[in-house]
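# Chains, contacts and geometry: an overview
One-letter residues, chain by chain:
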Amino acid sequence: CGAYDMSGNVWEWTASFYDKSQNSYVVRGGSWGFNRGFARVALRFRVAPDYSILRFGFRLVSPVS
């Protein structure tokens, strides 16, 4: 599909709750501002919905028709 170098650019917000309490969301993927060992999709962190930092972002996905 031509997508390269997708991991490690920003921590990606997800629509998934971290746990059953639904007080925090999951961010994934790592960021250039951390150790390269953190730049992997399987890594996840708990983040409050009102937390903001420049290293967090999101990715839009659209179905291919």
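Everything in this summary refers to the structure shown in the same document. Worth saying up front: this structure is predicted, and the values here are computed from it rather than measured. (Residues numbered from 1 in each chain as written. Predicted model: local features only at pLDDT ≥ 70, side-chain atom pairs only at ≥ 80, totals over all residues. Heavy atoms only, no water.)

## Re the pattern of salt bridges
This is how the line gets drawn: Definition used for salt bridges: Asp or Glu carboxyl oxygen within 4 Å of a side-chain nitrogen of Lys or Arg. We count a stretch as a helix when DSSP gives it H or I for four or more residues in a row; a strand needs E for two or more, and each element gets its number in order from the N terminus.
A full pass over the atoms with the stated rule returns one salt bridge. We note a salt bridge from Arg46 to Asp19, for which the minimum N-O separation is 3.2 Å. Placement of the pair is Arg46 in strand β3 (residues 44-47) and Asp19 in the loop between β1 (11-17) and β2 (25-28), with a sequence separation of 27 residues.

## Details of the sheet that holds β1
Which entries qualify depends on this criterion: For two strands to pair, DSSP has to find at least two bridges joining them.
If you trace the four strands from one edge of the open sheet to the other, you get β3-β2-β1-β4, paired in mixed fashion. Because the sheet does not close on itself, it has two edges, and the strands there are β3 and β4 (56-57). Inspection of the sheet shows β1 paired to β2 by three bridges, in the antiparallel sense. By the bridge assignment for β2, Phe17 is matched with Tyr25.

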